[in-house]
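Architecture at a glance
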Amino acid sequence: MTYWCNNCKIPIHSSSCPLCKTISKQVVGNQISPVFYHERKLLSLILQNNITESSVWSIGGAYYMVDGERMYIPYTQFLKEKKYKSMFDSFYEKDEMKTEFSGMDKLLKANTDYIQERVFEAEQYIKQTYESHSSQCVPVVSFSGGKDSTVISSLVQNALQRKDILHFMADTTLEFPFTYKYCNDVFKETNPFTPLLVSTPASDFFTICEELGPPSRRERWCCSIFKTGNLNNLIQNLPEGMGSLTFTGIRRNESTARKNYPRTRIQSKISRQIVAMPIIEWTELDVWLYILANRLNFNDAYKLGYRRVGCWCCPNNSRWSDLLTAIYLPEHYKKWRGVLHSFAIKTKKDDIEDYIENGRWRSRFGSSGLVGRNTEIKDVECFSTEMARNIISNISIQDDFLELIKPFGRLVVENIGDIYKVEIYEKNRLTGIIEFKYGSKIIKVTVGKGNDYLTFLKRIKCQLRKYQYCIQCGACSALCSQSAINIKIGAYQIDSDKCIHCKECIAHYYNGCITTEVLSDRKGEAVHEL
């Protein structure tokens, strides 16, 4: 719990100020963070009142503590009225990135004992966790260039007394320019012996936007394609037989979804990875206390006023972030507005300006005007064979369809001319037979004795949807814990030697494919194939 000392004008972690002994009952929440010079300058313009030398703290949303007084700042109206235009040249380049603020020395002095206890506990956890898993795991820092991963990097290096800890970064290609500058220049300069390995996705974000529409808070297809797969690729390149003990900066008070996260996660989305979260109980203020007390360099985006540093076009970004991007990254802002405008026209939105400017695109769900892709796949009874059905495809079946059958088990393929017969074995037991003629639209599926008839049939349909709608986005390869799926130009390939037949790539997405999940026009109504 965070309190506010009205006498010292600083946030503290107890109801009694360690400096002046004043008793405070005012609670300011766990999202309080310092406001640096550039943000104070912008707030002064919005308020038409100079607060650049005042004590200013962000306490969440549009609310601030200004010289000890809670204040609402109407920045949304400032953004709507486009008062930010032509501010960049005079507002950014001519001022150096100042990090000092009123009351900084008092803040650190008042909270010294508190943050030292936090640091000691976190470093002990790091040491103990590493000792428990060092025989089978390589220590790794998941690094994004944000403040939390900056803190984790410092904590892990100090706790383990090593500067050569691997740092893995999943570059979505949509990071802020400030983030690239921080990672490529500032971090590497101050950590010359620390390897920072970066992975980038094969897919192009804006090309996929044309297919699936822009991501929203309810349709975050971007994370699967551009984050998880990247990290998976890096981890799979570790020495054979060794996993990754990945230290991350995840904190519980960042979102409701993270409140129940365990501090150490043995089973994660990525195979060969144990996830450790040393600062999971830390607040926003704790992170800043550590950065300021240790005089760590940090991403310039925070100095400008951004609260979070991720993708510059993320649907979870706030309206405040939109305003900052409009000011400091006008070309990025214009480009994203162009993407949203094109989507609004394509999907025939009634009020395009309202859809974009008021952020209604952030909450879109399902196909939202695009052509739906949860098309029902028909099947009919096959009278010639018991426990068999003929599945009707929308496109001609070729031999590349066999790649999508590999996750079911070991395949024995018999090919006579244009006729393919594929026996599927799982643990040496025949689970099913697939038969088709090259170029036809009919697949005969025979389910092995003792198998779940409906489940097997539905899973074949899932793979057929994937075959019909695949856009080589990479979502399936991001899911694969064994890195068995490779997406090459025009081809979906599965390495039989790596595949363990877990069927996660079949069952994870709604009706089998991320495109049918995102572009479903009847979510909650259509049958969810397994």
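Residues numbered from 1 in each chain as written. Predicted model: local features only at pLDDT ≥ 70, side-chain atom pairs only at ≥ 80, totals over all residues. Heavy atoms only, no water.

**Quick word on the sheet that holds strand E11 (residues 264-265)**
With mixed pairing, the 6 strands of this open sheet are ordered in space as E9-E8-E7-E10-E12-E11. Each end of this open sheet is capped by a strand with a single partner; those strands are strand E9 (196-199) and E11. Direction of pairing for strand E7 (residues 137-142) relative to strand E10 (residues 243-247): parallel, over a ladder of 5 bridges. Looking at E10, one finds that Pro-139 is bridged to Leu-245. Its contacts with the sheet place helix H5 (residues 112-133) against E7, E10, E11 and strand E12 (273-276), and it is angled at close to 175° to E10. Here helix H9 (residues 221-235) sits on the sheet in contact with E7, strand E8 (166-170), E9, E10 and E12, set at roughly 150° to E8. (Pairing = 2+ DSSP bridges. Helix = DSSP H or I, 4+ residues; strand = E, 2+ residues; numbered from the N terminus. Contact = heavy atoms within 4.5 Å. Axes fitted to C-alpha atoms, helices over the stretch in contact; angles between N-to-C directions.)

**Structural notes on helix H15 (residues 453-469)**
An ideal rise of 1.5 Å per residue puts 24 Å on 17 residues; H15 measures up with 25 Å between its terminal C-alpha atoms. With 13 of 17 residues buried, H15 is to be regarded as a mostly interior element. Near the N-terminus of H15, the side chain that reaches the backbone nitrogen of Leu-454, with its oxygen 3.3 Å away, is that of Asp-452. (Expected span 1.5 Å × (residues − 1). Buried < 20%, exposed > 50% of the residue type's maximum accessible area, 1.4 Å probe, protein only. Polar contact = N/O pair within 3.5 Å; in protein donor to acceptor, adjacent residues only side chain to side chain.)

**What about the side chain of Ser-368?**
Position of Ser-368 relative to the elements: it lies in the loop between helix H14 (352-357) and strand E13 (379-381). Within the structure, Ser-368 has its side chain in polar contact with the backbone oxygen of Phe-365 (distance 3.2 Å). Setting aside residues no more than four positions away along its own chain, Ser-368 makes contact with Phe-343, Thr-347 and Lys-349.

**Considerations on the nonpolar core**
Nonpolar side chains in soluble globular proteins tend to be buried together. Counting residues in hydrophobic clusters, the biggest one holds 110 residues, and the most contacted among them are Leu-155, Phe-205, Trp-221, Trp-282, Trp-320, Leu-323 and Trp-336. It is helix H10 (residues 284-293) that contributes the most residues to this core, 7 residues altogether. Apart from residues lying up to four places away in sequence, Trp-336 is in contact with Phe-205, Phe-206, Cys-209, Pro-214, Pro-215, Trp-312, Cys-313 and Trp-361. Core analysis: the next-biggest nonpolar cluster, separate from the first, contains 31 residues, Phe-401, Ile-460, Ile-485 and Cys-505 among them. (Core = buried A, V, L, I, M, F, W, Y, C linked by side-chain atoms within 4.5 Å.)

**Here's the deal with the packing of helix H6 (residues 147-160) against H10**
Taken N-terminus to C-terminus, the directions of H6 and H10 make an angle of 55°; their axes are 10 Å apart at the nearest point. In terms of axis orientation, H6 runs oblique to H10. Crossing geometry of H6 relative to H10 is assigned as left-handed. Only Glu-284, Val-287, Trp-288, Tyr-290 and Ile-291 of H10 make contact with H6, whose side of the interface consists of Lys-147, Asp-148, Val-151, Ser-154, Leu-155 and Asn-158. Looking at the contact of H6 with H10 residue by residue, the class counts come to 6 nonpolar, 2 polar and 3 charged. (Parallel < 35°, antiparallel > 145°, perpendicular 65-115°, else oblique. Left-handed = near helix turned anticlockwise from the far one by under 90°. Nonpolar A, V, L, I, M, F, W, Y, C, P; charged D, E, K, R; others polar.)

Structural measurements only, silent on function.
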